[in-house]
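Each chain is listed here by its residues.
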Amino acid sequence: IGIVGSRRRGTPEDFYLVRSAFERVYEPGDRIVSGGCKKGADVFAEMIAEDYGIEPILHLPDKAKLDQKLLRLNPRVAYAKIFYARDELVARDSDCLIACVAEDRKGGTEHTLRHFRQLGKKWAVLV
């Protein structure tokens, strides 16, 4: 079960929505997959994993793969590339995706959702 979301969605109400969605789909033996960000739904994923005694699968951005030339020219794009690569791993390793989306529907959460659907997976829960 992938849990992703906007870093701007970190309220207790957001946690309740994510946890409720998780409880609707969770079956014993399921794993939690997330991106390891220290804000928003990725934090919720780790909290839920701890509550359920599940070792989460965390896909962190691989800073070793930063394009050094691009980093000097446009750091924002250089970092976006490694974050998007991380998002694709989360989508790949998830059979179900819980996404705590932002109002503007931009960024990594949307990239993860798009990739999840491109892989032919259809079971996403948007909160």
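All of these numbers come straight from a predicted model, not from anything done at the bench.

## Some details on the overall build of the chain
Next, step 1: Looking only at helices and strands, the chain features five helices and five strands.
Next, step 2: If you list the helices and strands of the chain from N to C, you get β-α-β-α-β-α-α-β-α-β.
Next, step 3: Radius of gyration (C-alpha) of the chain: 14 Å, near the 14 Å computed for a compact globule of 127 residues.
Next, step 4: Summarising its shape, the C-alpha atoms of the chain cover approximately 45 × 25 × 25 Å along the three principal directions.
Next, step 5: Considering only contacts within the chain whose residues lie at least 6 apart along the sequence, 69% involve residues at least 24 apart.
Next, step 6: Summed over all atoms, the accessible surface of the chain reaches about 7600 Å², with 52% contributed by carbon and sulfur.

## Structural notes on the side chain of Asp87
Next, step 1: On the secondary structure map, Asp87 appears in helix α4 (residues 75–92).
Next, step 2: When its relative accessible area of 5% is taken as the criterion, Asp87 is described as buried.
Next, step 3: When residues no more than four places from it in sequence are discounted, the contact partners of Asp87 are Gly108, His111 and Thr112.

## Focus: the pairing of strand β1 (residues 2–5)
Next, step 1: Burial along β1 is two-sided: Gly2 and Val4 facing one way and Ile3 and Gly5 facing the other are all buried.
Next, step 2: Alignment of β1 against strand β4 (residues 97–100), held across four bridges, turns out to be parallel. Opposite Val4, over in β4, you have Ala99 as the bridge partner.

## A word on helix α2 (residues 41–52)
The periodicity of an α-helix, 3.6 residues per turn, causes residues three or four positions apart to be oriented the same way.
Next, step 1: Here α2 spans 16 Å end to end across 12 residues, near enough to the 16 Å set by a 1.5 Å rise per residue.
Next, step 2: Among the residues of α2, those classed as buried are Ala41, Asp42, Phe44, Ala45, Ile48 and Ala49. Buried residues of α2, viewed axially, fall in a sector of 155 degrees; they line one side.
Next, step 3: On the buried face of α2, the contacting elements are β1, α1 (12–25), β2 (33–34), α4 and β4.
Next, step 4: Remark: Gly53 follows α2 within two positions and exhibits a positive phi of approximately 70 degrees.

Definitions and limits used
Throughout this description, residue numbers start from 1 for each chain and increase along the sequence as written. In keeping with the model being predicted, local features are shown solely for residues with a pLDDT of at least 70 and side-chain atom pairs are shown and tallied solely at 80 or more, while totals for entire chains, interfaces and linings include all residues. As a rule here, side-chain values cover all heavy atoms of the structure and leave hydrogens and water aside. Each helix corresponds to a stretch of at least 4 residues labelled H or I by DSSP, and each strand to a stretch of at least 2 residues labelled E; elements are numbered beginning at the N terminus. What the globule rule says is 2.2 Å times the number of residues to the power 0.38, and the radius of gyration is computed from C-alpha atoms. Contacts are residue-level and defined by heavy atoms, with any inter-residue pair within 4.5 Å sufficient. Using the Shrake-Rupley algorithm and a 1.4 Å probe, accessible areas are obtained, with residue cover drawn only from the displayed protein chains. Here's how the labels work: a residue is buried when its accessible area is under 20% of the maximum for its type, exposed when over 50%, partly exposed in between, all with a 1.4 Å probe on protein chains only. When DSSP finds two or more bridges between two strands, those strands count as paired. Every helix has an expected span of 1.5 Å times one less than the residues it contains. This arc describes the spread of directions from the helix axis toward the C-beta atoms.

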